Every structure is written in structure tokens, then in C-alpha cells.
Amino acid sequence: NSFVPRTNTCGELRSAHVGQKVTLYGWVQYQRQGLFLVLRDFQGLTQVIIPQDEAHSHVKELLSSAPLESVVRVTGTVSPRPLGQENPKMPTGDIEVKAETAEILNSCKKLPFEIKDFIKKSEALRMQFRYLDLRSSRLQSALRLRSRLVMSMREYLCNLHGFVDVETPTLFKRTPGGAKEFLVPSREPGKFYSLPQSPQQFKQLLMVGGLDRYFQVARCYRDEGSRPDRQPEFTQIDIEMSFVDQAGIQRLIEGLLQHSWPEERGSIMTPFPSMTYEEALAEYGTDKPDTRFGMKIVDISDVLRGSNIHFVQHALSCPHGSIRAICIPQGVRYLTNKDLESLKESARSQFNQEMMEIIRRPDGSLKSLLIKFLGEKEKSGLIQALNIQEGDVVLLAAGEHKQVCCALGALRLLSANLLEAAGLALRDPTAFHFLWVVDFPLFLPKAENPTELESAHHPFTAPHPSDASLLYSDPTKVRSQHYDLVLNGNEVGGGSIRIHSAEQQRFVLEKVLKEDSEVLSHLIEALELGAPPHGGIALGLDRLIALIVDAPSIRDVIAFPKSFRGRDLMGNAPDYVTPEELEPYHIQVSWPLEEKEAKKN
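Just so it is clear, the model here is predicted, and its values are computed rather than measured.

## Observations regarding the packing of helix H4 (residues 137–161) against helix H17 (residues 541–548)
Link 1 in the chain: Two elements in contact, H4 and H17, have axes separated by 10 Å at closest approach and are oriented at 120°. Viewed along their axes, H4 and H17 adopt a mutual orientation that is oblique. The two elements H4 and H17 cross, and the hand of that crossing is right-handed. Of the residues in H17, those touching H4 at Ala142, Leu145, Arg146, Leu149, Val150 and Met153 are Leu541, Asp542, Leu544, Ile545 and Ile548.
Link 2 in the chain: Residues belonging to the contact of H4 with H17 are distributed by class as follows: nine nonpolar, no polar and two charged.

## Quick notes on the domain arrangement of the protein
By a widely used convention, the size of an interface equals the accessible area lost when the partners come together.
Link 1 in the chain: The domains assigned to the protein are domain 1 (15–106), domain 2 (141–275 + 434–556) and domain 3 (293–422).
Link 2 in the chain: Each of domain 2 and domain 3 was reduced to a C-alpha centroid, and the two centroids are 37 Å apart.

## Observations concerning the packing of H4 against helix H6 (residues 246–260)
Link 1 in the chain: Between H4 and H6, whose axes approach to 9 Å, the crossing angle comes to 130°. The orientation of H4 with respect to H6, classified from their angle, is oblique. Read as a crossing pair, H4 and H6 show a hand that is right-handed. Taking contact as the criterion, the partners of Leu149, Ser152, Met153, Glu155, Tyr156, Leu157 and Leu160 in H4 are, on H6, Leu252, Gly255, Leu256, Leu257, His259 and Ser260.
Link 2 in the chain: Residues that form the contact of H4 with H6 fall into these classes: eight nonpolar, four polar and one charged.

## A few points about the pattern of salt bridges
Link 1 in the chain: Per the stated rule, a full pass over the model turns up 37 salt bridges.
Link 2 in the chain: Two residues, Arg146 and Asp542, come together in a salt bridge whose shortest N-O distance is 2.8 Å. With a gap of 396 residues between them, Arg146 in helix H4 and Asp542 in helix H17 connect regions that are remote in the sequence. Like Arg146, the residue Asp542 is buried in the burial classification.
Link 3 in the chain: Taken together, the salt bridges that share partners define one network made up of Arg126, Arg130, Asp133, Arg138 and Asp556.

## What about the sheet that holds strand E17 (residues 434–438)?
Sheet strands associate in pairs through backbone hydrogen bonding, adopting either a parallel or an antiparallel arrangement.
Link 1 in the chain: Judged by pairing direction, the sheet is mixed, and its eight strands sit side by side in the order E6-E9-E10-E22-E21-E20-E17-E11 without closing on themselves. What marks the edges here is a single partner per strand, and that holds for strand E6 (164–165) and strand E11 (274–276).
Link 2 in the chain: In this structure, strand E10 (residues 233–242) lies alongside strand E22 (residues 534–540), joined through seven bridges in antiparallel fashion. Counterpart to Asp238 in the pairing with E22 is Ala538.
Link 3 in the chain: With respect to the sheet, H4 is in contact with E6, strand E9 (213–221), E10 and E22, its orientation differing from that of E9 by roughly 150°.
Link 4 in the chain: The strands touched by H6 within the sheet are E10, E17, strand E20 (482–487), strand E21 (490–497) and E22, with E22 carrying the most contacts at an inclination of about 35°.

## Quick notes on the nonpolar core
Link 1 in the chain: Judged by nonpolar contacts, the single largest core of 41 residues is most densely connected at Ile239, Ile253, Leu257 and Leu485.
Link 2 in the chain: Those elements giving two or more residues to this core turn out to be H4, E10, H6, E17, E20, E21, E22 and H17.
Link 3 in the chain: In terms of residues, this core owes the most to one element, H4, which gives seven residues.
Link 4 in the chain: Apart from residues lying up to four places away in sequence, Leu257 is in contact with Met153, Ile268, Phe272, Phe434, Leu485, Leu539 and Leu544.
Link 5 in the chain: Ranked by size, the runner-up nonpolar core spans 23 residues in total, among them Ile328, Leu343, Leu395 and Ala397.

## Some words on the sheet that holds strand E1 (residues 21–32)
Link 1 in the chain: Pairing is mixed around the closed barrel formed by five strands, whose spatial order is E1-E2-E3-E5-E4. Across the sheet, the axes of successive neighbouring strands diverge by a mean angle of 55°, strand direction being ignored.
Link 2 in the chain: Packing of helix H1 (residues 57–65) onto the sheet brings it into contact with E1, strand E2 (36–41), strand E4 (71–80) and strand E5 (95–106), and relative to E5 it is tilted by some 75°.

## Focus: the packing of aromatic side chains
Link 1 in the chain: Applying the stated criterion across every chain, the model contains ten aromatic pairs.
Link 2 in the chain: Ring geometry for Phe272 versus Phe434: centroids 4.5 Å apart, planes at 10°, classification stacked. Here Phe272 is found in the loop between H6 and E11, whereas its partner Phe434 is found in strand E17, with 162 residues between them in sequence.
Link 3 in the chain: Residues Tyr277 and Phe440 carry aromatic rings whose centres are separated by 5.3 Å and whose planes lie at 40° to one another, so their mutual orientation is tilted. With a gap of 163 residues between them, Tyr277 in helix H7 (residues 277–284) and Phe440 in the loop between E17 and strand E18 (443–445) connect regions that are remote in the sequence.
Link 4 in the chain: Residue classification places Tyr277 among the buried positions, given a relative accessible area of 10%.

Cut-offs and rules
The residue numbering used here restarts from 1 in each chain and proceeds along that chain's sequence as written. Under the rules for a predicted model, residues below a pLDDT of 70 receive no local features and side-chain atom pairs below 80 are neither given nor counted, while totals for whole chains, interfaces and linings still include all residues. Where side-chain values are given, they derive from all heavy atoms of the structure, hydrogens and water being excluded. Axis lines are fitted to C-alpha atoms, over the contacting stretch for helices. Their N-to-C directions set the angle, which ranges from 0 to 180 degrees. Strands here are runs of E lasting at least two residues and helices are runs of H or I lasting at least four, both read from the DSSP assignment and numbered beginning at the N terminus. Roughly parallel means an angle under 35 degrees; roughly antiparallel, over 145; roughly perpendicular, 65 to 115; everything else is oblique. Here a crossing is taken to be left-handed if its near helix is turned anticlockwise relative to the far helix by less than a right angle, and right-handed if that turn runs clockwise. Two residues qualify as a contact provided that any one of their heavy atoms is within 4.5 Å of a heavy atom in the partner residue. For this scheme, ten residues count as nonpolar: Ala, Val, Leu, Ile, Met, Phe, Trp, Tyr, Cys and Pro. Four count as charged, namely Asp, Glu, Lys and Arg, and the remainder, Gly too, count as polar. Domain start and stop positions are those given by an automatic or database domain assignment. By salt bridge we mean one thing: a side-chain nitrogen of Lys or Arg within 4 Å of a carboxyl oxygen of Asp or Glu. Three labels apply to residues, based on accessible area from a 1.4 Å probe with only protein chains included: buried if under 20% of the type maximum, exposed if over 50%, partly exposed otherwise in between. Only strands that DSSP links by at least two bridges are regarded as paired with each other. As used in this record, nonpolar core signifies buried Ala, Val, Leu, Ile, Met, Phe, Trp, Tyr and Cys residues forming a set joined through side-chain atoms within 4.5 Å. Planes of paired rings set the category: under 30 degrees apart is stacked, over 60 is edge-to-face and the rest tilted, where pairs are Phe, Tyr or Trp rings (Trp by its six-membered ring) whose centres lie within 6.5 Å.

Written out as C-alpha cells, the structure reads:
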């Protein structure tokens, strides 16, 4: 209450304040028949009794006629609620304030929606009137938790471990590879800035500059379509250190999260478990495994190697061919035939992968189209390898290793959603399972042209020391010093040890990635002028907060997010500008014919 004329907030009055004269400011949340109203501010609710005596008739008239969500000031005396009228669900439920004077500071007109968490509103409407949506307790709580967590991270990094908070430029130049960047026109004809997708180059240059330890709450930009976990502009906790190895970065982040973790979410245990990229793919079918539940992918190639099943033998005869399966617990009870068909159709449409199902009946026998091709040895081998219990359903796939694993990994998550929707408790919503995924490949084939390579992380990532020589002979086999932090099946951080040799960086750009190294000549030159070994990481702040508060989207933990299509529905951005405004930037807009007609009309 410092610096303002109120004596208390609407959430702090208790029985100990009875008899005190108080001044409250807030919004009218509820009013009943001119008898009382509920006043709300950022901290909570207080019941205010409207006076009924003649001496305070003006106060009664004022408060009784105030529309909901009007902003008012109330001065009065704290009194205990009458016996039996206490509200144990309200922190201030033992008291009420008897109003003596009041003032309407701003009357509210008819609202587009009620400011109540339980009232359903479309997301488009919420974003159009975001300043109203921000009054909800859910958003207030998320933004305040976010603020506390960031402040705690600053304390840990800057005060306890000597990091320097440095702001890096927003206007820069295009970075080769990676996500699409937003372009910003300049007054020089044909020249554009780019908004950085991360401060990657700057933080490496800060290490060359001898700052040793850098940190920033960084705004980043990517010109991509929005998804539930993506925004065109987002925030990351950006970190870089000199003379550090992978283990050092991991210990730092574990300590940082343990120090800043909200008390109300329980404690987190360190060190976090670690898993290689190959292990994650083989057991979970993804590089961001949700380890809160089992249903791991199991290799059953050896079990079925002696069978007479044609598609199994065909898969095993191909390079990188394997037979794998997942076991869905109590699938017979919780999954319908329609559910199983939808799972198989997902595998077909998304991965071009066929699935076979096997069911274990209550009498212990197996039911499947495959059974007639299996001997007793294979049947018992399957039951043992997959630990199939009565009532379980197995999904089996044969084919190229990575395709099979990715398909089963996707079905593992879809199955978990179906089981939980049907009432089986599988994943603890209050549990937080952190996991390091390490030893990623340094390069991957490009999706549009598999004969060319692209960086799995980014072009500044150093090769694994054991694979350094392979960089020049067989780059497809090189592992990287890239590490991801995963929380409950979501990537919340990613980083790497960087290339600090100019010669190696030039080779990666020019020979492996076939990129023009001139675009990065400033960085390569810096690496030739005494660059220390260095590495870092970035934590996705929006995604991390969304997981902590169990929000369905990162848009629910950002004050003013963009819509699913990347638009600001409140301010109607992006918007048109006039030809006169574009003239200094030497730009003319070429309109598609249908848009020309629309603008005319």
C-alpha cells in the first residue's frame, strides 16, 4: 500500500483488523439488492455493507447504482460478520467493511463478457478485450508467479553466480538456417534489418569480449504460424558462459530452477535424469519424452525373428528395419473399437505406418490376426517382453526404425489422452518430470532435399569430442554437444557448447551446410581473435510458466499475446500503412487482384 492513499488491499483484511477504519479501492464484482457489494482488486475480495440509514443515503444511492466493474473508493470500519454468515472459502470471509463514504472513480458501461473465471468466453473475444481478461484471477495469478520466478532467477544468476545482465540489439541482420525471421525495412534502398530469433551471435561475441558470464530476459521473434506452444514474439532466459562444459551448464540450470521454483508447486529433485537422443527415440519415439508414465516402446524383433509373418520378415531384411510395440494398460476396458481405429488411422495418415493390434483376453490367451502365424514360443515371448496383462492392448509396427518409433511414440501419447478421458489416472497433473536429452546428431537431412544437410540445433553447435574427426569424413555420423531440457514431454530449454575455432566454423558453414559464410564474417573474424571455449542455453520462459500453472496454451501466461494466426486482435495489428509512409523505405505494395477490389469497396 506504499505510495497510494488506500490503507489496505481487498485481500488482506482479517479478524485482527476489526474496529479499524480503512480505505479500499477496487472494482465492483457483485452487488445484491442495495444491501452489500463485493469489492475486488489484484489481491482478493472484500464484502462491503451498504449503509441503510438516512444519514448515509447518498452513499447507499451511489453504491447501489454503481454498475458492475465500476472503479470505486470506499472508506469504512472493519466489522466481524454476523454469526453463521462467515465464508470460509474467502480469505476475508470472517469480516466485512461497513461503508461510511464512497466515490465512483469510473463508471463501467455494459461489458462484452463477465469477469468470472467460470464463465466461458471465446479466445478471440478474450484477446480482443485483453485488458478485461487480465482482471481474471487466473491470469493475475499466472503473471504474478511469472514475475516472482524471473526475479528469483535474476537473483540466482546475477547476485549468487556473477552473471552480467546485458541487453542485446533487436535490429540486426539475417542469420543463415533456422526459423524464418521478420524483416524490418531501412531507409537505405533494398536493405533490411532482421529481428533476431535469439541473441545467439551476440552472446557468443560477449564471450569473445571477455564478459565471462552473460544473462538476459530476451525478447525473440520467429515468423512462423502460431501453435499452442508458439508465438511470433516470445521470451527466453538466455545464458552463456566461458570455459564451461556440458555438465557445467546442466548443473547451473538445475540449481537455477531449484532456486526459483515456486514453493506452492512442491520441490524438484536434482540432478535431473539424462537420456541420449537415440535412447529417447527408441523408447519413447520422440526427442522430448513424457516420462510421467510408462508404455515404453519395446523392441520385439528378436521375439518374432523366427516367425512366418511376411511383413515382419520383409521389415527385418531391410536396412534399419525393426519390429516394435507398445502395451496399452487396460485398453480393452477403456478404449472402444472406434478409439483403436482412430489410433491406427493416425499412424497411417501422419507416418504412413500400418499398425497391428494384439489383445490379451481374460483367460490369458491372445487375440489377433497374427496369432495363427505364431507358435507358443513367440506368444509367450511377446507376453514376457511387453509384460502384457489380461485386458491389455498391444499396438505393433514393423518397418524402418525411426519411422516405426515416431509412429508408436505419437500413438503412445494419443493412447494416454484416450485412457485419461475414459477415467484412467495415468499422468499425475501435479508431477514435474525434468529430463536432459543429450548426444543429438549434429546434422540432419533436409526434409525437402534429403541429400543436403541442415543443423539439428544451429550452425554454431560444436561436434562431440569423440566424433570431431568424422566431421570431415562423414558428417552424418557426428553427434553434437547439444542438450535439451524436457519437462513433462515439452521442450523447455535447449543449448550447446559452441564452435570456438574459426576454421571449424567456416568448414561447417561452407562445406557441410553449403551456406555463404560472408553473412557471418563478423562472427568468424571474432573467433580468430582469441575466442574462449564457451557454451550456453536458453529456457523458454512462456512455455515453462504455462507448464507450472497448467495453462492450456502459452497465450494464457503472456499479458498481450498474439492470436493463433499471429494477429493482435485488440489493436488490430498488423495493419495497413499509406504509400506515403512507405516512401522513405523505398517499398511499394503489390496487391493481389481480389484484395485490390476489396480495398476499393
